[in-house]
Every structure is written in C-alpha cells, then in structure tokens.
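As a plain string of letters, each chain reads:
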Amino acid sequence: MTRESSSSAPSKEERKSSHGFRREVRYGIHLLRKNPIVLLGSIVALGSIVLSLSSGLVVDQNSWKTTHIALRLCWNNPIVNWNLRNVYDCAGPTTYTLGTDNYGRDVFRMIILAIPLDLRISLEIVLSAVLIGTVFGGIAAYAGGTLDELILRLTDIFLAIPSLLLAIVLATILGRTLENLTLSVLITWWPTYVRLMRSQVLTEKEKPYVEALRAVGAGRFRILFRHIVPNSIYPILVQGTLDIGSVILTFSALTFIGFSPSPLIPELGNLVNQGIEFVFTAPWLIIFPGLTIFIVSLGFNLLGDGIRDIFDPRLRR
Amino acid sequence: MVFVLLGVTLIVFYLGRGLLPPESALAPYITPRMNDGTKLQLARSLGVATISCPSWSALASHESVCLVPIWGQYLSWLGNVLAGNWGYSLLPGLSGTQTTWYVFWLRFPYTAELAVAGTILTALVAIPLGIISATRNNRLPDHISRFISLGGYSVPAFWFGLILQLLFVLYIRVGGNALLPSNGVLDTSCALCLSSPGQVTGYTGTPILDALLSLNPAYFWDSLVALALPTLTLAITSIGALTRILRSSMMEVLKQDYILLARSKGLKERVVIYRHALKNAVLPSITITGLLFALLLGGVVIVEVVFSWPGVGAASVVASTVVDVNFLELYVLVTAFIIVLTNLLVDIIYAKLDPRIRY
Amino acid sequence: MAVMSRALVTKDAVLEVKDLRVDFHTYAGDVKALNGVELTVKRGEILGLVGESGCGKSVTALSIVGLLPQNAEVVSGEILLEGRDLLRLTKEEMRLARLGEIAIVFQDPATYLNPVINIGAQITEILTSDRRRFQVELVSAGLKDFEGRVQGKPLSPALEKEGRRLRSITPSSRMRRGEVKRLAKLLALSYLRMVKLPDAARVFKMYPFELSGGMRQRAIIAMALARRPKLLLADEITTALDVTVQAQILRLLKELKEKIDASVVLITHDLAVVAELCDRAAVMYAGNIVEVAEVKELFANPLHPYTKGLLEAIPRPDSRSELKSIAGSVPDLLFPPTGCRFHPRCPFAFDRCPKVAPPLVEVSPGHLVACLLYGG
C-alpha cells in the first residue's frame, strides 16, 4: 500500500458510517430538492396538525355556540371587494377578516375551530381502517384457505357499493350524530386496507426469513405480527397519509349534503352547507371553508406522495 | 358475481330490517285509507308479522308473538324486492300515490347520463394528461399535469361546483345572461342556450338520448350545455385519480426492458410510446375506469345537490331526511348491480387486450 | 494519449471508440462509469468484450446505440461509426442509425419482448417504419416467394400480373400500404427461418409468453437481422439461457455474422465463450479497457495483471493446482481509486500506480495493454 492509497482510507470509513439513517435523510433531501411542491405540502400538512393542537390558544373553544341570529351578513375586510350589490359593512371596531356568517359568527374563527374537528375525525377513521386492515388483511393472507376467501369476499361486497351512498344509508339508519357519521365513513373505508395489507403479506410471507422463523419454531401470531406485518406496513402507511385528505373530503361531503347533526357545528362541510343559501349574496361563506378543505387535503396528498417516493424502491437508483 | 350481489342484498336487508323497527319497514306499503286489519294482513303478506299475531297494535308494540325472526324475513323480502314491489314513495310532494319503483326509474336516467358523461370526460382528459406527464417526467408539462391531477384529487367536489356556479352566474356574464346554465337539466336563459329547444319524446328518459332519437338538434345542444358544469364538477376528482394512476403505470412501463429494445430497433418515439408503452400502460387503467364509474355513481349525489339535478342522487338526500329507506335500498342495489356488471365487462375487455389472459 | 489513439486508427475499422467518459448522476454523487474507453472493431470480426459485471461493458454498448438512461451523461469522447461521430448526431439521425446500421441484442429475452404484441408485428414494424429504407429487401423477398410459388407451373393471368408488378418496383417507386405489409410479412418470415425457428409461420403469430427463452432470443436476433446492421452488439445474450441453448445461440450468431456480413461485439463475462468464438478480445476493468489482443495471443501471453488474474481464475480439468481468485473486490465507482483503477488489488503495484492513469499502448503488433509495468 502506498501513501496515496492509504490516505483515501478514512473517507471510506466515513462513507460506511453514513449508510443507514444519514443515507435515508440524504435521499429524502435529494427528492425534496427535485420536487419542491412536496416540501410545500408537508409544511401545510404539518402546519394543520400544529394548528389543531393549538387552536384552543387561538380561539375560544365555545365561541361557535350561539343563540343570536344575525340578520345581516357582514363583510368589512377592506382588502377584498366582492363586486356584489348588497355587501353589509358592519360598523364596529372589529374587522372580520373573512366576514361573518348568518349566525353572526366570525368565519375565520369558525374555520380555526373546524380544522381540528375535521382532522381528528379523519385521523380516527384512517387509523381505525389501518388497524382493521392490518389485522384482517394480515390474518387473511397468512391463514389462507376458507378464512382468506371469506374475508376477501366480504371486502368484495363492500366495494360493490359506492362509499358515499353506503355512508348515506348508514347515517340515515343510525341517526345523525358525529360518532355515527364517523362510523359510517369507516365502514366504507376499511375494505381497501384489508386488500392492500393482504397483498403485501402474501408477497412477504414467501420470503426466506419467514421460512427460517418457522423452522426455529416461532409462533404463528408472533411471526405474523412481530415480523411480517412490520415489514409490509409501509405501503399501508403511505396510503393512510394519502387518505387523510380523501377522508376529510368524504366526511365534509356528507355534512355538506345535510348530515350535520346541528347547523351550528363548526365543521368545514357544514359551514359550506350553511352558506349555500347565500352563495350569490355572501360568497365568502362558501369560498373560505371550502378552500380550507382543499388546502388541508392537498397538503396531506402531497405529503403522502412524497413519502411514497421515499419508500418506493423502484424509484431508487 | 352472484355471490357479491347476494351479499349486497344481505347487507341492505339487514340495514333496513335489522336496525329499524318493523313499522318503519312497513311504512312505504301503508296507504292512509288502510284500517288496522288490512295493515296486519299486509304485514303478514310481507313476512314482517307472524300468522299468529293477534292485532296491529300488538305488532306496533313489538310483542314477541308477532315478530318474525330477522333471518325468517329475508326470503319474503328478497321475493318482493326482485318483483319490484318496493311500496309507495315517501318523498315529500308525492303523498303516497307513486311507487318507489316508478319514482326511482323516472329519475335514474338523469343520474346515468351524468355518470356516463363524467366517465367519458375523465378518460378524455386524464389519458393524454397521464401520458404527457410520464413522457415529460419532471419537466414543466409534468409539473402542470401533476398540479392539475393532485389539485383535482384534493378539491372538494361540492365546493368546486359552487365556485363554478358563482363564476358563471355572478362574474362571467354575456349580454346580461350567465354563460352556462348552472341549475337543472334544461335552462333557456343562459348565453349559450338556445331559447326554444322544443319538445322531445321520452323514449329513454335521458335528455341527450331522447333529443338524438327525436332528431332535435336544438334540444340536444341545450342538454349538452346543461351538462357542462355538472360533468366537470363530477369528473374533476376522478381526473386527478386516473391521471396519477396512468402516469405511474406509464412511467413504470417506460422503464421496462422491452421499451429499450423497441427504441434500439430505431422506431420513432411516437411509435414507442403509443404502440409499445401505451398498450401495456392502459391495462391497469381499464380496471380503474371500471372502478371510476362506480365512484361516479356515488359521487353524483353531491353534484346533483349542488346543481339541482333531477336525478336519484339528489332525491336520495331528501329520502334520507324523511327516512324513506326503501328508496335508498333500491338505489344501493341498482348501483351495486351496475358495478358488478361493469367489473365483469372490464374483465372481458382486459382479456381481449392482454394476450396472456385466456379463459 | 491523443498520439497513441491516432496510432490505433485502422482503415478497416467499422467502429472506433475514443476516450469515452460517461458519468451517472445519482443522489449519492456522480458514478464515473466509463473512464476513457478506447475500442476498435474491425470489419467482419467478432470482438469479445470481457469483464466482471459492473465494469462498464453494457454502458459502453448503450453509449454506442445512444440509449443511455436519463441520468447518464457522456462527458467526453468520440464514437466513430465508419468515421461518423455518433455522439454528434441529432436524435433523429441516431434513430436512423439504430434502424439501419447498429443493432443490439440484450441479455434477458424474457423481459425484452413486448408482452402484448405478437412476434410477427414486432419484426414487421421495423420493416414498415420507414417508407423506402427496406424497399429493396422487401421486393426481393417478394420475388423469391413469387418464384417459389410459380416454379415450373404455367402462369395464370393474376400471377403474371403480380410478377410484373413486383419486377417493376424500383428502390424509389411508391408502394401501397397493403403491399408493403404483405411483403414485410414475407421478409419477416424469412428472417424467422434464418434464425432457425421451427414453424416460422406459427411463431409469427405467437406472443412472447408462448415461446421458450431460446426461441425468444432467436426472435430478438431476427429483429436485429431485419435491420441489416453493419455492427451487431451482443450484450451477454446467453447469460439468461440454459447451457445447451447457449451453445446453439452462439453458433447461430457466428453463422449469421457471415451471412449478413456484419461485425460483432460479443459482450460477456465468460472467457470460454471468447476463446471459442472471437477473433480478438478486449478486457475491461472498472470503466477502462485494460488489454486488447488477438484471442490466441491473449490466452497465451496475458500481460495485464488483471487479465492474468482472470485467466488463473478459470477452472481447468488438467490442472491440479488450487483455483486462484483476484484479491479484493470491484471498486465503488462513486469514489474510484486514483491513477490506475486496478492498483488496490494489483499484486505488482508500485509507487507510480496510484498517481498515473496508464494509457493503452501497443506493446507488440496488435497487442495493447494499459499498465505502467509495460511503459507509458
């Protein structure tokens, strides 16, 4: 070995240590640089979560409850002029950034209150669906045979009914409470995850390490839930992130068509629903809550897209 | 396939009969002129009440001697359902004189028209967008198409529809009229509408098809114009979904070895993409288009509400408020049937296109 | 170095690759895949290109046909096909070169055929793609088929008309689409027969999944033949095949080369194949050509330490000595060794090796080596 070649040795060591976590981070940064939109989406998604956790500090949690029916819809934000015939400029010291609604409430505050509610419900639905999908999909694929067939057919049946329609029927029969609406959407959502998890486990269980585990006498449930599931869960988590946005869309669609338990509830779809009547006289009532749904949902979709790119082995070179 | 349909009937049946009291299951069948005796007879003939049930009031107070176990009711229910005996519609304004079956099929053609138009628009926009996005990967056209598809995928359809209405009714005006109609099937006050479309014979109940069959171009044009905004609203979400799927499958295909061989043969890039790549890439999209139709049959509810479209979707929301479960159940069964049929069709097309699949 | 490469210019060269450098841009950095490749292919010869996997053989081949992946960049060099620099061609000119001058056959026949297009269409699409490019071949295939049909029989008016029509087509005359299609099928069938596919008419209609690996590779070779190439690149064409099929395909390749009068670059990691088939051989290591010689000379008198190592690693039935292997492993081309890229593994390395990249020099007529032990 000569002097020159030995001097290249430390850099080799350095490279070795940079494998693993730092390598992942570097790859992630590389992807973000290639695709700045993903970064934007991640900021929006994380921002909406932070906002949800801190909305109590920004807005009084009970400010949506009102018995007061305002007869005038207010718009006194001087930046936007709606070019409408009747915009009511409410005199007073407070500027309503996004106007007031037909109950005299500040639309901006209602949106700040609504984001955590929608996000919480969406997370509940997605997490439950992921859990159901992981357990049932995993068991179906691992057990095989009749049980697999049964679970698969069950998902077939649920997938043959349009999800919004099924949710409408369920909400009609169960009654219109937030819990029942959540349950209705969940019932339409779980089959996708069962399918996804099942196909993942099917490919994973053929790998040699599973054979090896069986050979050393590991228990079936232990193999499935301690080894196979953790190895095949990434696509499900990616799908889950993507679905947070979609679930918000579906849930707000339900409340928009009138399934909200009360017209006063600060939920984004319901806020838009309350504004339909005034669409041509007070467009801010629908524009801003709807825009919020759009932005939050877009954020999670972009985030999910980015996460998928990071975990997609086919994109790596 | 039959299994899936049977499963759907079981779920629908359980939701209606298992979770609601027997009176509400009977409500659509009861007319105001019935007395308690005829009501009891009706309940027995529908398989809701037992033969040994003494009186209507006993059934109404859920006495156990009257109640047929839920699994016992299924067959008689299925018989009624298949015979089209769905009772009278509870929708407001009809006051129990029109059957659910009739009301449903009167409205269904409008929904079908919208869903088919939405599927066609989706395919027309999404396929080119997906191809452009994949072949100009990470360049400007890709970013634009990615933005459109992700935006379309994330936008709440009801909001998008309302914004379109707002734009076309309030802000984009031609000669004092809105450019496009935004309310209902036939609107003659918009700038692009013809003022006197005339009449058509109701062969199918679908305005566009009827106009074609009656050879009435003015009516056809007006129906088409009326479809514009609702169809766009309906398609916007699925355009996003289909574009994304087509883009990723196209990119996957373009990385395949056989594309490299096709290029190495000196074929034109056009031939490589449209002949070699697209044929492989559309295969998964065909399945998706089938699923899409299902998605649209459900998503149509929102669009019908926003645009006051006289289809079954908007009616189902009203049916829900008056708890007309039969109307909803009929809607679910019909869509499930169409979806299962579509899936079968998709399988057949798939086998035709992919030589590797032979039955 | 420039002086040296000029000395290599031979009049009968079909292809000359000069100082070709190719980088791959990855998120981890630039992979310097080719580091000044020098290669000459003479008219009518079979040149073996040997080396371990990852040494840049396939990258060299892909650079020649202009089909490097998107993240690859040709940093410098020239690829002269009969004196014309392929690297300076426009995309369209390069496409035409692939259509008519250079053909490549790849490693795994299972993945290189389009699964949803039948074999026949995958050949005829070449012949019908450019209007006049294959007109002469098409017409002569048509005439041959026509003569086969009329042999000794009296001509019917319809046949007579057909014959007149075929004879009247000149290379510049226009043909109808249907006529081109019919002749293309005849010509494609003749190529399928040429690669010795049994029952060509049936194979013509079959889809790739219905064929065995060897049959697929024959079909791909037929696609290469159909272009009448001057240069045929065979990139590990037998690696994915069964041993018995391998021998058949290689024999076929040699026969066809004579028939269509093409030069062949046979890329392989199998020295036995080189010994059997090739006229000359070039040894590659980590993005460099390290040694070029006639096959007999190379096996009898290997000069480069890497070539020596490779030859010692071949198991021989007559030898009792232990099988040797080359110490160390293939270098990471993200951070390639300085100077001679082989020096960390070289048993004869001395102080100048890490500093100077050795040029390829001719040490005896036709025997070139890139090693500081032999001057340079």
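Rules used throughout
- Residues numbered from 1 in each chain as written.
- Chains lettered and ligands numbered in written order.
- Predicted model: local features only at pLDDT ≥ 70, side-chain atom pairs only at ≥ 80, totals over all residues.
- Helix = DSSP H or I, 4+ residues; strand = E, 2+ residues; numbered from the N terminus.
- Rg over C-alpha atoms; globule rule 2.2 N^0.38 Å.
- Buried ≥ 20, exposed ≤ 12 C-beta atoms within 10 Å, placed from the backbone.
- Contact = placed C-beta atoms within 7 Å.
- Bend = angle between axes of the 7 residues up to and from the residue.
- Domains from an automatic or database assignment.
- Pairing = 2+ DSSP bridges.
- Axes fitted to C-alpha atoms, helices over the stretch in contact; angles between N-to-C directions.
- Core = buried A, V, L, I, M, F, W, Y, C linked by C-beta atoms within 7 Å.
- pLDDT = per-residue confidence, 0-100.
- Parallel < 35°, antiparallel > 145°, perpendicular 65-115°, else oblique.
- Left-handed = near helix turned anticlockwise from the far one by under 90°.
- Nonpolar A, V, L, I, M, F, W, Y, C, P; charged D, E, K, R; others polar.
- Expected span 1.5 Å × (residues − 1).
- Arc of directions from axis to C-beta.

Within chain C, the regular secondary structure consists of 13 helices and twelve strands. By the compact-globule yardstick of 21 Å for 376 residues, chain C fits well, its C-alpha radius of gyration being 23 Å. Projected onto its principal axes, the C-alpha positions of chain C cover 85 × 50 × 45 Å. Counting all 376 residues of chain C, 42% fall into the buried class. A sequence separation of at least 24 residues applies to 65% of the contacts in chain C between residues at least 6 apart.

What follows concerns the overall build of chain A. In terms of helices and strands, chain A carries 13 helices and zero strands. When the elements of chain A are put in sequence order from the N terminus, they spell out α-α-α-α-α-α-α-α-α-α-α-α-α. In chain A, which comprises 317 residues, the proportion classed as buried is 43%. Considering only contacts in chain A between residues 6 or more positions apart, those separated by 24 or more positions represent 72%.

On to helix α4 (residues 36-58) of chain A, then. All names here are of chain A. A maximum bend of about 45 degrees is found in α4 at S52. Every buried residue belonging to α4 is among V38, G41, A45 and S48, and all of these are buried. Summarising the contacts, the buried residues of α4 are in contact with α3 (21-34), α5 (107-143) and α13 (284-311).

Let us now look at the domain arrangement of chain C. On domain assignment, one finds that chain C holds domain 1 (13-101 + 271-369) and domain 2 (111-228). A C-alpha centroid distance of 37 Å is found between domain 1 of chain C and domain 2 of chain C.

Residue and element names in this part refer to chain C. With antiparallel pairing, the four strands of this open sheet are ordered in space as β2-β1-β4-β5. Strands at the two margins of the open sheet, each flanked by one partner only, are β2 (29-42) and β5 (84-85). For strand β1 (residues 13-26) and strand β4 (residues 72-81), the ladder comprises eight bridges, and the chain directions are antiparallel. In the sheet register, R21 faces β4, and the bridge partner there is S76. In this fold helix α2 (residues 57-65) packs onto β1, β2 and β4, with an angle of close to 70 degrees to the strand it touches most, β2.

All names here are of chain C. Two elements, β1 and β2, share eleven bridges in a ladder whose sense is antiparallel. Looking at β2, one finds that A13 is bridged to K42. Count of turn residues in the β1/β2 antiparallel hairpin: two residues.

Turning our attention to the nonpolar core. W159 and I302 of chain B together with A222, L233, A234 and V290 of chain C are the most contacted members of the largest nonpolar core, which has 275 residues in total. Shared between two domains, this core takes at least three residues from each, and those domains are domain 1 (13-101 + 271-369) and domain 2 (111-228) of chain C. Residue contacts for L233 of chain C: discarding those within four places in its chain leaves A61, I64, V65, I102, I104, V265 and I267 of chain C. Within the second largest apolar cluster, eleven residues are counted, among which are Y29, V48, A49 and V68 of chain B.

All names here are of chain C. The share of residues in chain C with pLDDT of 70 or more is 95%, and the mean pLDDT across the chain is 87. Low pLDDT (under 50) marks residues 1-10, which in the prediction has twelve contacts with non-local residues, meaning those over four places away or in another chain. Predicted complex, confidence summary: ipTM 0.87, pTM 0.80.

Before going further, it helps to spend a moment on the packing of helix α10 (residues 217-254) of chain B against helix α12 (residues 269-306) of chain B. Residues and elements named next belong to chain B. Where α10 contacts α12, the axes come no closer than 8 Å and their chain directions differ by 160 degrees. Looking at the two axes, α10 sits roughly antiparallel to α12. Taken as a pair, α10 and α12 cross one another with a handedness that is right-handed. The class makeup of the residues in the contact of α10 with α12 is 18 nonpolar, seven polar and no charged.

Before going further, it helps to examine the packing of α5 of chain A against helix α6 (residues 145-159) of chain A. Residues and elements named next belong to chain A. Interhelical geometry of α5 versus α6 gives an angle of 140 degrees and a closest axis separation of 7 Å. Classified by the interaxial angle, the pair formed by α5 and α6 is oblique. The two elements α5 and α6 cross, and the hand of that crossing is left-handed. Between α5 and α6, the residues in contact are F136, I139, A140, A141 and A143 and G145, L147, D148, I151 and L152, respectively. Its residues assigned to classes, the contact of α5 with α6 shows eight nonpolar, one polar and one charged.

Residue and element names in this part refer to chain C. Ordered by their spatial adjacency, eight strands build an open sheet running β6-β7-β8-β3-β9-β10-β12-β11, and the pairing between neighbours is mixed. Of all the strands in the sheet, the pair left with one neighbour each is β6 (102-105) and β11 (361-364). Sheet twist, expressed as the mean angle between neighbouring strand axes with direction ignored, is 20 degrees. Bridging between strand β7 (residues 231-235) and strand β8 (residues 263-268) involves five bridges; their strand directions are parallel. Paired with L233 across the two strands is V265, which belongs to β8.

Our focus in this paragraph is the environment of A114 of chain A. Residues and elements named next belong to chain A. Along the chain, A114 falls in helix α5. Residues A114 and L268 lie 154 residues apart in sequence; the distance between their C-alpha atoms is 5.7 Å. Those residues in contact with A114, other than ones at most four positions away along the chain, are P266, E267, L268, L271 and P289.

With that out of the way, let us pick up the interface of chain A and chain B. Listed by partner, the interface residues are 33 residues for chain A and 44 residues for chain B. Mapped onto the side of chain A that touches chain B, the elements with two or more residues apiece are α6, α7 (163-174), α11 (234-259) and α13 of chain A. Tallying contributions element by element places α13 of chain A first for the side of chain A that touches chain B, with eight residues. Class assignment for the residues of the side of chain A that touches chain B results in 22 nonpolar, eight polar and three charged.

Residues and elements named next belong to chain C. If you trace the backbone, E162 turns up in helix α6 (residues 157-168). Residue classification places E162 among the partly exposed positions, given that 16 C-beta atoms sit within 10 Å. Once the C-alpha coordinates of E162 and L143 are considered, the two residues, 19 residues apart in sequence, prove to be 9.6 Å apart.

The subject of this paragraph is helix α10 (residues 243-260) of chain C. Along an α-helix, a turn takes 3.6 residues, which lines up residues three or four apart on a common side. All names here are of chain C. Taking 1.5 Å as the rise per residue, α10 with 18 residues should run 26 Å; its terminal C-alpha atoms sit 26 Å apart, in good agreement. Regarding α10, the residues found buried are I249, L250, L253 and L256. Buried residues in α10, looked at end-on, bunch into an arc of 130 degrees, giving them a common side. Summarising the geometry of α10, the exposed residues directed more than 90 degrees from the buried face are T244, E255, E258 and K259. Just downstream of α10, D261 is the residue with a positive phi angle, here 60 degrees.

A low pLDDT means the predicted coordinates there should not be read in detail. On average, residues of chain A score 82 in pLDDT, and 89% of them reach the 70 mark or higher. For residues 1-18 of chain A, every residue scores under 50 in pLDDT, and the model assigns this stretch twelve contacts once sequence neighbours within four places are set aside.

This next bit is on the pairing of strand β10 (residues 288-294) of chain C. For a regular strand, side-chain orientation follows a simple rule: the groups alternate between the two sheet faces. All names here are of chain C. Taken across its seven residues, β10 has six buried, putting it largely inside the fold. Joining the antiparallel neighbours strand β9 (residues 280-285) and β10 is a turn of two residues, in which A286 adopts a positive phi near 45 degrees. Of the strand pairs in this sheet, β10 and strand β12 (residues 367-369) are connected by two bridges, and their pairing is antiparallel. Its bridge partner lying in β12, E291 is registered against V369.

This part is about unusual backbone geometry. All names here are of chain C. Positioned with a positive phi, E82 is a non-glycine residue whose angle comes to about 50 degrees. You can see E82 is positioned in the loop between β4 and β5. Since 12 C-beta atoms lie within 10 Å of it, E82 is described here as exposed. One non-glycine residue, K196, lies in positive phi territory at about 60 degrees. Looking at the element boundaries, K196 is found in the loop between α7 (177-194) and α8 (200-205).

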